[in-house]
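Below are the chains, spelled out letter by letter.
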Amino acid sequence: MPVVGVFGAGQLGRMLALAGYPLGLQFRFFDPAPEASAEHLADRVCASYEDQAALERFAAGLDVATFEFENVPVGALEHICRAVPVFPPLSALAIGQDRWEEKRCFESLGIPVPTYARVDTRSDLEEAVRQIGLPAMLKTRRMGYDGKGQVRIRTAGDVEAAWQALQGQPLLLERYVEFDAEVSVLAVRNRTGATAFYPLVENVHGDGILLSSRVPAPCATPQLEEQARAYADKLLRRLDYVGVLAIEFFLERGVLLANEMAPRVHNSGHWTIEGAETSQFENHLRAVMNWPLGSTALRGMSVMYNITGTVPDIERILRIPGAHLHLYGKAPKPRRKLGHVTITADHHEALAQRERELRMALAAGSSGGLEPRVA
Ligand code: AMP
C-alpha cells in the first residue's frame, strides 16, 4: 500500500487521511504539537521540525510527502526532499509563507491586489499611511492566520497602537477593501500537469475567521468564474504546482483582488466532501500520487458553517436533513475551529430552510453534555 507522509496532523490532515483510506493509501503524520486531531487515524512522529533524526524516521519508506499546514519550516521539508518526493513544491510554500512575496508573485502574473507597502520601521509606517490612506490593515508578513497578526487602522489615532501591537517583525500595510463579497477558488494540478478547478466559493469571515462558505457563490457570474480560473491557472503553471491550491479574493465593484493563497487544502473547500463529485482532499491525494484528477462538478448546492469555540447540540444538528457533521476531536477553546457542518440541497428553498435550522442550532450553543473528545 502506498504511504503518504503529511506534515501537520490537524483537521486538514485528518480529512486527507479519511479521503485516502478508500483509495488504498496509508498515512504517517509529523507534528510537534502535544495534541493532534489526525493522530487517532495513523502513526504520528511527534518531534520538533529541527530534529533531523525524527525527520528521517518520518521519511523512511514514504512514497510521497505533503503538508497540511503552511508554516512548516521550509528547511524541514528540504531535509526530507532527498529521500522522498514532496508536493506541493517548496518554492510555492516559501512564497505562501510571506505576504509580501505572495503579493509580488500575484502582481508579476498580472493578478490585481489591494495597494500595499512594506513596513519595517515606524517611519515606513508613516510613509505607507500617507501613500495608501486610511482605513488600512497592518499585517505581519509571516505566520498570520485566522485574523492573527493583523490590525485594522481606522484613523490616524490608531497608528501608534497598531505599531505597538505588531512591531518587531516584518510588516506590510494594505488598503482596507470595502468589498462586496469575499470569494475563493480551489484549483488542483497533478504531476503530469493536468488541472481542475472547483466553482467559485463565497465566504463570510467574522473577526478574521472563516464563518461560512457557499456554492454556487451568489455573486458569481460566468465572467468572474472564468477570471478566477484564469488567475489560478497562471499561478499553478508559474509555480509548477502539484496538489490543491486555494486563492482568496475580495470582490470590489466587480473586480477580483487577490488577498492571499494557501498552498494546501483549505477551509473554504470543506463543502467539497459532500458537495462535489470529488472532494478537495481526494483530489489533493490524486494530484500528489500523480493519479487522474476527479471531477470537480457540483452535486447540488452547499453551504458550510464552521463550528468554533464550543460544540453545539450534536443531536439537534443531526436531525437536520442534508446536514453533514464533522468534528475534529479537539478540545474546546475560544476561536478554535472544532468542526464544521455542510448542508446540501438540490434547490434554494430546501437549502434556505435547512440553513435556518442549522443557524438556530449553532446559535443555541453547547448542549453541555456533548463536549468533543479531547484529542
Ligand atoms: P487574511 O488573514 O489576510 O486572510 O484576513 C482575514 C480576513 O480579514 C479576510 O478574509 C477579510 O475578511 C479581512 N481582511 C483582511 N485584509 C483585508 C483588507 N485589506 N481589507 C478588508 N478586509 C480585510
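About the criteria used
- Residues numbered from 1 in each chain as written.
- Predicted model: local features only at pLDDT ≥ 70, side-chain atom pairs only at ≥ 80, totals over all residues.
- Heavy atoms only, no water.
- Domains from an automatic or database assignment.
- Buried area = accessible area lost by both parts, 1.4 Å probe.
- Salt bridge = Lys/Arg side-chain N within 4 Å of Asp/Glu carboxyl O.
- Polar contact = N/O pair within 3.5 Å; in protein donor to acceptor, adjacent residues only side chain to side chain.
- Helix = DSSP H or I, 4+ residues; strand = E, 2+ residues; numbered from the N terminus.
- Nonpolar A, V, L, I, M, F, W, Y, C, P; charged D, E, K, R; others polar.
- Near = heavy atom within 4 Å.
- Areas by Shrake-Rupley, 256 points an atom, 1.4 Å probe, with all protein chains shown as cover.
- Buried < 20%, exposed > 50% of the residue type's maximum accessible area, 1.4 Å probe, protein only.
- Contact = heavy atoms within 4.5 Å.
- pLDDT = per-residue confidence, 0-100.
- Pairing = 2+ DSSP bridges.
- Axes fitted to C-alpha atoms, helices over the stretch in contact; angles between N-to-C directions.

On to the domain arrangement of the protein chain. As assigned here, the protein chain comprises domain 1 (3-86), domain 2 (115-175) and domain 3 (181-363). The straight-line distance from the C-alpha centre of domain 1 to that of domain 3 is 23 Å. Summing both sides of the interface, domain 1 and domain 3 together bury roughly 1800 Å²; the carbon and sulfur share of this comes to 71%. Among the residues of domain 1 in contact with domain 3, Gln 11, Met 15 and Glu 70 are the three that bury the most area, contributing 28% of the side total. Its salt-bridge partner being Glu 70, residue Arg 264 comes within 2.3 Å of it at the nearest N-O pair. At the junction of domain 1 with domain 3, the criterion picks out 6 residue pairs in polar contact (both at pLDDT 80 or more). Of the residues forming the side of domain 1 that touches domain 3, the biggest block, 7 residues, is contributed by helix α1 (residues 11-20). For the side of domain 1 that touches domain 3, the per-class residue count stands at 12 nonpolar, 4 polar and 3 charged.

What follows deals with the site of the ligand. Around the ligand, a shell composed of 15 residues is seen, among which Lys 139, Glu 174, Val 177, Glu 182 and Glu 260 lie nearest. Contacts to the ligand include Lys 139, whose side-chain N or O atom sits 2.8 Å from a nitrogen atom. Between Gln 150 and the ligand, the recorded distance is 3.2 Å, taken from a side-chain N or O atom to an oxygen atom. For the ligand, whose accessible area on its own is 480 Å², the fraction buried by protein is 94%.

Taken across its 10 residues, α1 has 9 buried, putting it largely inside the fold. For α1, the full list of buried residues reads Gln 11, Leu 12, Gly 13, Arg 14, Met 15, Leu 16, Ala 17, Ala 19 and Gly 20. The secondary structure elements touched by the buried residues of α1 are β1 (3-7), β2 (26-30), α9 (272-275), α10 (280-288), β16 (323-327) and β17 (337-345).

Model confidence for the protein chain is summarised by a mean pLDDT of 95, while 97% of its residues fall at 70 or above. In this model, residues 367-375 is a region of pLDDT below 50 whose contacts with residues beyond four sequence positions or in other chains number 24 contacts.

Across 3 bridges, strand β9 (residues 181-189) lies against strand β11 (residues 201-206) in antiparallel orientation. Its bridge partner lying in β11, Ser 184 is registered against Val 201. Inspection of the sheet shows β11 paired to strand β12 (residues 209-215) by 5 bridges, in the antiparallel sense. Of the residues in β12, the one forming a bridge with Gly 206 is Ile 209.

Here we come to the side chain of His 326. Mapped onto the secondary structure, His 326 falls in strand β16. For His 326, a relative accessible area of 18% puts it in the buried group. In terms of polar contacts, His 326 uses its side chain to reach the side chain of Glu 274, at 2.7 Å. Those residues in contact with His 326 that sit more than four places away from it in its chain are Ile 273, Glu 274, Leu 338, Gly 339 and His 340.

Counting buried residues in strand β15 (residues 301-308) gives 7 out of 8 residues, a clear majority hidden from the surface. Two elements, β12 and β15, share 4 bridges in a ladder whose sense is antiparallel. By the bridge assignment, Arg 214 is partnered in β15 with Val 303. With 8 bridges joining them, β15 and β17 adopt antiparallel strand pairing. Residue pairing for β17: Thr 308 is matched across the bridge by Lys 337.

We now examine the sheet that holds strand β8 (residues 171-175). Within the open sheet, the 4 strands sit side by side as β5-β8-β6-β7. Their pairing is antiparallel. Only two strands of the sheet have a single partner each, and these edge strands are β5 (116-119) and β7 (150-153). In this sheet, neighbouring strand axes are inclined to one another by 20° on average, regardless of whether the strands run parallel or antiparallel. Judged from the 4 bridges that link them, strand β6 (residues 136-140) and β7 form a sheet pairing that is antiparallel. Paired with Leu 138 across the bridge in β7 is Val 151. Strands in contact with helix α6 (residues 122-132) are β5, β6, β7 and β8; relative to β5, the strand with the most contacts, it is inclined by about 175°. Seen against the sheet, helix α7 (residues 159-166) touches β5, β6, β7 and β8 and runs at an angle of roughly 175° to β7.

Under the counting rule described, the total for this entry stands at 19 salt bridges. Note that Arg 189 is salt-bridged to Asp 240, the shortest N-O span being 3.1 Å. Pair noted here: Arg 189 is in strand β9 and Asp 240 is in the loop between α8 (222-238) and β13 (243-252), with a separation of 51 residues, a long-range link. Judged by its relative accessible area of 11%, Arg 189 falls in the buried class. With a relative accessible area of 52%, Asp 240 lands in the exposed category. Through salt bridges with shared partners, one network takes in Asp 98, Arg 141 and Arg 142.

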